[in-house]
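# Residue-level structural notes
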Amino acid sequence: MRKYGLIIIAVICLSVLVLGHQHWKNVSEATGVEAREAAAKVKEKEKEEREALIHSLKPKNNKQQPLIDYLHYKSLTQDRVIVSLVGSNGTSGTGASNSTYSWAGRLEKSLRADRDDLDTLIFINHGHEGYSTEDLLEGNKIEAVIQDDPDLIIFENSLINNHYQSLSLEQTQKDLESIMTKLQKELPNAKILIISPNPVANGKTENSLGLNYLDYIQASEQVIKSNKWTYMNSKEEIEKKLKEKNMRLADILTNDNIHPNDQGHYIWFEVMREYFKLK
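Here we summarise the structure given alongside this text. Owing to the predicted nature of the structure, the values given are computational and were not obtained by experimental measurement.

### Focus: the overall build of the protein chain
A count of helices and strands for the protein chain gives eleven helices and five strands. The principal-axis extent of the C-alpha atoms belonging to the protein chain is close to 125 × 40 × 30 Å. The burial tally for the protein chain puts 42% of its 279 residues in the buried class. Taken as a whole, the protein chain presents about 15,900 Å² of accessible surface, with 50% of it coming from carbon and sulfur. Taking the 35 positively charged and 40 negatively charged side chains of the protein chain as two groups, their mean positions are separated by 9 Å.

Next up, the structure:
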């Protein structure tokens, strides 16, 4: 009897162990299923939120979209986002102690920090020191921009050098139209922002044609306005900043009184950063 009793107890214990193991297995599997379902729901929610964000940022739905939102949309819908810069001394960073202290270098860093998704942002700089609008055309620099296949082009109109080289206002206007025609024809989906160069100390000094720097800006703005191109007058915006900060123009220019120093590039960057967030 005792032997049978031990056998019965052993069977009962074994059954308990087997049933217990099966129970915990079922619980574990159920927990695993719940975890996978929860993860799937989170993933689906993230997907829906991403799709909603993409839809809200779609340029077609936002005619007055800030450039930062436009770049954000591009970063969510393609592998990389390219910003091509073209112009002369201001774009190349002349006057800055290092390229990272130029307005272009600071802007790229700021945009990356502003949006996590903009880590794929690529800045390609085609700034050429001493180049006029004519030089940009004859040197095939506009073709180089087209080869980038950029999403955004920032074109610094090379008016300081046009003034210095005594190009006529008619030639300046013609060059501007030629540059924009090439860019718009070859890059119909790219956004283009035209900006003026920085303010200079000798802005009223006349060249051999009897023209000053302001004459070139005004002549260019006539063409820009008639064509309804996107434009920002960097000169005026920088001067507004100087007034706000109670600073002199001489404080932000190098010894040549033409090119911005590190402080000048920083103020130019501030102007650009604010513009990128404007509708």
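Having seen it, we continue.
### Brief notes about the layout of surface pockets
A probe matching the size of a water molecule, rolled over the atoms, marks out where space remains unfilled. Size it by volume and the largest pocket reaches roughly 400 Å³. In terms of lining residues, the largest pocket is bounded by 19 residues, among which Leu-67, Lys-191, Ile-192, Thr-230 and Tyr-275 are the most central. Counting residues per element, the ones that place at least two in the lining of the largest pocket are α8 (169–186) and β4 (191–195). Along the lines of polarity and charge, the residues of the lining of the largest pocket split into eleven nonpolar, four polar and four charged.

### Quick look at the environment of Gly-139
Mapped onto the fold, Gly-139 is located in the loop between α5 (133–138) and α6 (141–148). Its relative accessible area of 30% is what places Gly-139 among the partly exposed residues. Taking the C-alpha atoms as reference points, Gly-139 and Gly-127, twelve residues apart in sequence, are found 12 Å from one another.

### Quick notes on the sheet that holds strand β5 (residues 231–232)
If you trace the five strands from one edge of the open sheet to the other, you get β2-β1-β3-β4-β5, paired in parallel fashion. The outermost strands of the open sheet, each flanked by one partner alone, are β2 (121–127) and β5. Taken together, the four bridges between strand β1 (residues 81–87) and strand β3 (residues 152–156) define a ladder with parallel strand orientation. By the bridge assignment for β3, Val-83 is matched with Leu-152. Contacts from helix α2 (residues 67–77) reach β1, β3 and β4, with the element oriented near 135° to β1.

### A short note on the pattern of salt bridges
In the structure shown here, the tally under the stated rule is nine salt bridges. Residue Lys-245 pairs with Glu-270 through a salt bridge whose shortest N-O separation is 3.3 Å. Here the residue Lys-245 occupies a position in the loop between α10 (234–244) and α11 (262–276), and Glu-270 occupies one in helix α11, the gap between them amounting to 25 residues. In this structure Glu-270 comes out as buried when scored by relative accessible area, which is 9%. Asp-251 is the salt-bridge partner of Arg-248, the closest N and O atoms lying 2.9 Å from each other.

### A word on empty space enclosed by the protein
Applying the stated criterion across every chain yields a total of two cavities of 30 Å³ or more. The computed volume of the largest cavity comes to approximately 50 Å³. Lining the largest cavity we find Ser-88, Asn-89, Gly-90, Glu-156, Ile-160, Asn-161, Pro-197, Asn-198, Ile-258 and His-259. Where the lining of the largest cavity is concerned, the elements lending two or more residues are α3 (89–92) and α7 (159–164).

### Examining the packing of aromatic side chains
Evaluated as defined, the whole model comprises two aromatic pairs. On the basis of an interplanar angle of 55° and a centroid distance of 5.7 Å, the ring pair of Tyr-266 and Phe-269 is categorised as tilted. Taken together, the residues span about one helical turn, with Tyr-266 and Phe-269 both in helix α11 at a distance of three residues.

### A word on the nonpolar core
Ranked by size, the top nonpolar core spans 30 residues in total, and within it Leu-71, Trp-103, Leu-107, Leu-111, Ile-154, Met-272 and Phe-276 carry the most contacts. Taken together, the elements giving at least two residues each to this core come down to α2, β1, α4 (103–114), β2, β3, β4, α10 and α11. It is α11 that provides the largest number of residues to this core, a total of seven residues. Once residues within four sequence positions are removed from consideration, Leu-107 is found in contact with Phe-123, Ile-154, Phe-269, Met-272, Arg-273 and Phe-276. Ranked by size, the runner-up nonpolar core spans 19 residues in total, among them Leu-137, Ile-153, Ile-179 and Leu-187.

Rules of the game
Residues numbered from 1 in each chain as written. Predicted model: local features only at pLDDT ≥ 70, side-chain atom pairs only at ≥ 80, totals over all residues. Heavy atoms only, no water. Helix = DSSP H or I, 4+ residues; strand = E, 2+ residues; numbered from the N terminus. Buried < 20%, exposed > 50% of the residue type's maximum accessible area, 1.4 Å probe, protein only. Areas by Shrake-Rupley, 256 points an atom, 1.4 Å probe, with all protein chains shown as cover. Lys, Arg positive; Asp, Glu negative; His and termini not counted. Charge placed at Lys NZ, Arg CZ, Asp CG, Glu CD. 1 Å grid on protein atoms, 1.4 Å probe; cavity = no way out; pocket = protein on both sides within 12 Å on 5 of 7 lines; lining within 4 Å. Points joined across faces, edges and corners; volume = space filled by probe spheres on them. Nonpolar A, V, L, I, M, F, W, Y, C, P; charged D, E, K, R; others polar. Pairing = 2+ DSSP bridges. Contact = heavy atoms within 4.5 Å. Axes fitted to C-alpha atoms, helices over the stretch in contact; angles between N-to-C directions. Salt bridge = Lys/Arg side-chain N within 4 Å of Asp/Glu carboxyl O. Phe/Tyr/Trp six-rings, centres within 6.5 Å; stacked < 30°, edge-to-face > 60°. Core = buried A, V, L, I, M, F, W, Y, C linked by side-chain atoms within 4.5 Å.

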